[in-house]
Structures are given as structure tokens and as C-alpha cells.
Amino acid sequence: MPAPIPQLLAHCPLCHAAYDTASIRLLGDLPAMRADQGKPRLFHLTCKQCRHALLAAISESPHGVSSVGLVTDMEAQDAVRIHPTTPISADDVVRAHQDLERESALICQAWLAQSASSPLSV
């Protein structure tokens, strides 16, 4: 039996049109953020009226329901493809920052050298 669709997903947050249940797709469970919460479920929705898409994570716990929504240009099949990815760790974020910090200086130097050799014409 498919999981019930939460009432939080009843209307498009952009145009307020009611979602057609056929346009709501349950993509699966996400890892729980805290031990006292249930696993959030990830949904992809497409509004038939304004054609905008939304990714929504909805978590239920004894304390209530929480949700996070993200307007996106992804189709449902794109969201399915990226859904089972490994979560980003704090170490991943630090490495990305270090890489950007190191590489951004090289990019700026190359851009400045190019700008100096070919000034913009007005």
C-alpha cells in the first residue's frame, strides 16, 4: 500500500493551485536528522497550473510535523537519480572550501592577466 500523501502537499506554494495527486511522487526516505524523529520522506511535485516543481522533505514525530520545500527545475526522474547519494560530511565542506580558496586565486590571476592584455572596448 503506498504511503499516504501529507496534507502539507495540498497546494502549490507559488500559485496556490491544488496539486493533482498524480503529480505528487514519493521518492523515498531520507536519513533521520535526530534519533527522536522519524525518517523524513522526500516528495517531488509538479503543479499542473504554473508548471513549477517542488522537492519536499516531510518528517513526522511525536512532537508534530516538519517540512522543508525547495522550488526546483528538476524533473521527477532527475530527483530520483540524485536521491540515493551519500550525505555531505563536515570534512567534505572543509575540503570544498579549501579547494575553492586555493583555485579561486588562480582563476582571479588568469582573469586579471587576460583583462590587462585585452581591455574592454566601450
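About the thresholds
Residues numbered from 1 in each chain as written. Predicted model: local features only at pLDDT ≥ 70, side-chain atom pairs only at ≥ 80, totals over all residues. Heavy atoms only, no water. Helix = DSSP H or I, 4+ residues; strand = E, 2+ residues; numbered from the N terminus. Buried < 20%, exposed > 50% of the residue type's maximum accessible area, 1.4 Å probe, protein only. Contact = heavy atoms within 4.5 Å. Areas by Shrake-Rupley, 256 points an atom, 1.4 Å probe, with all protein chains shown as cover. Pairing = 2+ DSSP bridges. Axes fitted to C-alpha atoms, helices over the stretch in contact; angles between N-to-C directions. Core = buried A, V, L, I, M, F, W, Y, C linked by side-chain atoms within 4.5 Å. Polar contact = N/O pair within 3.5 Å; in protein donor to acceptor, adjacent residues only side chain to side chain.

Chemist: Tell me what's going on with the overall build of the protein chain, and back it up with residues and numbers.
Modeler: The helix and strand inventory of the protein chain stands at 2 helices and 4 strands. Reading the protein chain from its N terminus to its C terminus gives the helix and strand order β-β-β-β-α-α. Taken over 122 residues, the protein chain has a buried fraction of 24%. Residue pairs in contact within the protein chain that sit at least 24 positions apart in sequence constitute 35% of those at least 6 positions apart. Carbon and sulfur atoms form 60% of the exposed surface of the protein chain, whose accessible area is close to 9200 Å².

Chemist: Talk me through the environment of alanine 10; I want residue IDs and the actual numbers.
Modeler: The residue alanine 10 is located in the segment before strand S1 (24-29) in this model. Those residues in contact with alanine 10, other than ones at most four positions away along the chain, are Ala17, Ala18 and Tyr19.

Chemist: I'd like a description of the sheet that holds S1, backed by residues and values.
Modeler: On the basis of which strands lie adjacent, the open sheet formed by 4 strands has the order S1-S2-S3-S4 and antiparallel pairing. The open sheet has two edge strands with one neighbour each: S1 and strand S4 (64-72). Across the sheet, the mean angle separating the axes of adjacent strands is 20° when strand polarity is ignored. Pairing between strand S3 (residues 53-61) and S4: 9 bridges, direction antiparallel. Counterpart to serine 61 in the pairing with S4 is glycine 64.

Chemist: Can you tell me about the nonpolar core, naming the residues and giving the values?
Modeler: Judged by nonpolar contacts, Leu9, Cys12, Ala17, Tyr19, Ile24, Phe43, Leu45, Cys47, Leu54, Ala56 and Ile58 together constitute the single largest core of 11 residues. Among the elements that take part in this core, S3 stands out by supplying 3 residues, more than any other. Sequence-distant contacts of leucine 9, that is, excluding residues within four places in its chain, are made with Tyr19, Ile24, Phe43, Leu45, Ala56 and Ile58. Grouped together as the second largest cluster of nonpolar side chains are 5 residues, Leu27, Leu42, Leu55 and Ala79 included.

Chemist: Got a sec to walk through the side chain of threonine 46? Specific residues and values, please.
Modeler: Inspection of the secondary structure puts threonine 46 in strand S2 (residues 41-46). Under the relative-accessibility criterion, threonine 46 is labelled buried at 19%. Those residues within four positions of threonine 46 in sequence are excluded, and the remaining contacts are Tyr19, Ser23, Arg51, His52 and Ala53.

Chemist: Can you break down the side chain of histidine 44 residue by residue, with the values?
Modeler: Mapped onto the elements, histidine 44 comes out in strand S2. One polar contact links the side chain of histidine 44 to the main-chain carbonyl oxygen of methionine 74, over a distance of 2.8 Å. Excluding anything up to four places from it in sequence, histidine 44 contacts Ser23, Ile24, Arg25, Leu27, Ala53, Leu54, Leu55, Met74, Glu75, Ala76 and Ala79.

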